[in-house]
Amino acid sequence: AEPKQQTSQDTGVLDYVNAIVAVASCKGGVGKSTTAVNLAFALSQLGARVGIMDADIYGPSLPTLVEPDERAVQFADGRIQPLTCNGVKLMSFGYVNPESAIMRGPMIANVLNQLLTTTQWGALDYLIIDMPPGTGDIQLTLSQIVNMTAALIVTTPQKLSFVDVVKGIDMFDKVGVPSVGVVENMAYFVAPDTQKEHYVFGKGHKQRLVEQYGLVNAFSMPIDAELSERSDNGVPYVLAHPSSLIAEEYKNMASSV
Ligand code: ADP
């Protein structure tokens, strides 16, 4: 018989995590981290126990996006206590090693695996993994060491980015992780004076993905200055404006995972 493949689940810290959801994109800068963070806090607002794992070792963004309650991570018994914000557990390479990393692919996978499996996640309904951008080796390895429940793909409406989404869906397909939804981020802009929606990059991309890939859950998020501003200040948008339309859309997203 084939030897059982060692997975992170064997080490125990993920034993009490009910669902592991990857938030992925094929390109950087499309709003993947913004989406992951707001999705996580929306889930938490809906009553779930949530953790966020920032899996971007080269460019960790969680330390900027969310201001944690604690100043530094605590190590005990070979485990790391995650930081917290409003009850959401947080882990990022940026908390452990604030210097940015210069490493090769296989090393990155090791570091990630170690960080994931030494963090004392405790009982969680959802662990949201903010994946590194792209569909390369690191992403594949990560989806093999962790039993992911679902993937949410983030993109922007420009055509090139959509070609990449298909790549992302195919990659998750290969490792048996269902892509449960697509987020078309920065899809439109609401003029502050007229409240009219302007689809700066054109309309209809989302519909095409729904039709071609049978993705029933597709979400459009507007370009919103405050969404960006809030992130830069360490306060997730959905925490600052829990009853806004944008927060509602993140809650819809939360209900889909
Ligand atoms: P990624 O994780 O894909 O690299 P980020 O989430 O870091 O992308 O977002 C890239 C930049 O775009 C950040 O400055 C972020 O605040 C901004 N941003 C993301 N989504 C939106 C949005 N819907 N409206 C305005 N700015 C956004």
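Before reading on, note that the structure itself is shown above.
Keep in mind the model is a prediction, meaning the values are calculated, not measured.

## With respect to the nonpolar core
Of all hydrophobic cores here, the largest spans 71 residues; its most connected members are Val23, Leu39, Ala40, Ile128 and Ile129. For this core, the element with the highest residue contribution is helix α1 (residues 32–45), accounting for seven residues.

## Side note on helix α8 (residues 225–232)
Each α-helix winds once per 3.6 residues, and so residues spaced three or four apart point in a common direction. Considered for burial, the residues of α8 that qualify are Leu227, Arg230 and Ser231. Each buried residue of α8 lies within a common arc of 100° when the element is viewed along its axis, so the set occupies one face. Away from its buried face by more than 90 degrees, α8 exposes Ala225, Glu226, Glu229 and Asp232. Two residues or fewer past α8, Gly234 is found with a positive phi of approximately 80°.

## Some words on the environment of Gln144
By the secondary structure assignment, Gln144 is in helix α5 (residues 137–145). Between the alpha carbons of Gln144 and Val177 there is a distance of 9.7 Å; along the sequence they are 33 residues apart.

## Re the site of the ligand
Taken together, 18 residues are adjacent to the ligand, and Gly31, Lys32, Ser33, Thr34 and Ser228 come closest. If you list the elements that add at least two residues to the shell around the ligand, you get α1 and α8.

## Regarding the sheet that holds strand β1 (residues 17–24)
One open sheet holds the eight strands; their spatial order is β5-β6-β2-β7-β1-β8-β9-β12, and the pairing between them is mixed. Edge strands, defined here as strands with exactly one partner in the open sheet, are β5 (83–85) and β12 (217–220). Here the strands of the sheet are splayed against their neighbours by 25° on average, with no regard to which way each runs. Running over the sheet, α1 touches β1, β2 (50–54), β6 (88–92), β7 (124–130), β8 (150–155) and β9 (179–184) and is turned about 170° from β7.

## Some details on the environment of Asn185
Structurally, Asn185 is set in the loop between β9 and β10 (189–190). Accessibility expressed as a C-beta count within 10 Å gives 22 for Asn185, which makes it buried. For the pair Asn185 and Thr155, spaced 30 residues apart in sequence, the C-alpha separation works out to 5.9 Å. Look past the residues within four positions of Asn185 in its chain and what remains in contact with it is Val30, Gly31, Thr35, Val154, Thr155, Thr156 and Met221.

## Some remarks on unusual backbone geometry
Located in the positive-phi region is Asp77, a residue other than glycine, with phi close to 50°. Looking at where Asp77 falls in the secondary structure, it is placed in the loop between β3 (74–76) and β4 (79–81). Exposure remark for Asp77: the 6 C-beta atoms within 10 Å place this residue in the exposed category. Its identity as a non-glycine residue notwithstanding, Met186 has a phi of 55°, on the positive side. Topologically, Met186 is positioned in the loop between β9 and β10.

## Some words on α1
Its 14 residues give α1 an end-to-end C-alpha distance of 20 Å, which sits within 8% of 20 Å, the value for a rise of 1.5 Å per residue. The buried fraction of α1 amounts to 13 of the 14 residues, a majority that puts the element mostly inside the structure. Following α1 by one or two positions, Gly47 has its phi on the positive side, about 105°.

## Here we look at the pairing of β7
Counting buried positions over the seven residues of β7 gives six, a clear majority of the element. By the bridge criterion, six bridges tie β1 to β7 in an arrangement that is parallel. Counterpart to Val21 in the pairing with β7 is Ile128. Here β2 pairs with β7 via five bridges, running parallel. Paired with Gly51 across the strands is Leu127, a residue of β7.

Reading guide: rules and limits
- Position labels on residues start from 1 in each chain and follow its written sequence.
- Owing to the predicted nature of the model, reporting of local features is limited to residues with pLDDT of at least 70; listing and counting of side-chain atom pairs is limited to 80 or more, with chain, interface and lining totals taken over all residues.
- Remark: nonpolar core denotes a set of buried Ala, Val, Leu, Ile, Met, Phe, Trp, Tyr and Cys residues whose joining runs through C-beta atoms within 7 Å.
- Neighbour density around each residue's C-beta defines its exposure: 20 or more other C-beta atoms within 10 Å make it buried, 12 or fewer make it exposed, and counts between make it partly exposed, where C-beta atoms are placed from the backbone.
- Numbered from the N terminus, helices here are DSSP runs of H or I no shorter than four residues, and strands are runs of E no shorter than two.
- The arc under discussion is defined with respect to the helix axis, by the directions toward the C-beta atoms.
- Nearness rests on one distance test: the residue's C-beta atom, set from the backbone, must lie within 6 Å of the molecule or strand.
- We treat two strands as partners when DSSP finds at least two bridges between them.
- Note on definitions: angles span 0 to 180 degrees between N-to-C directions of axes, and those axes are lines fitted to C-alpha atoms, for helices only across the stretch in contact.
- Throughout, a pair of residues is in contact if the C-beta atoms placed from their backbones lie within 7 Å.
- Under the convention used throughout, the expected extent of a helix is 1.5 Å for every residue step, that is, one less than its residue count.

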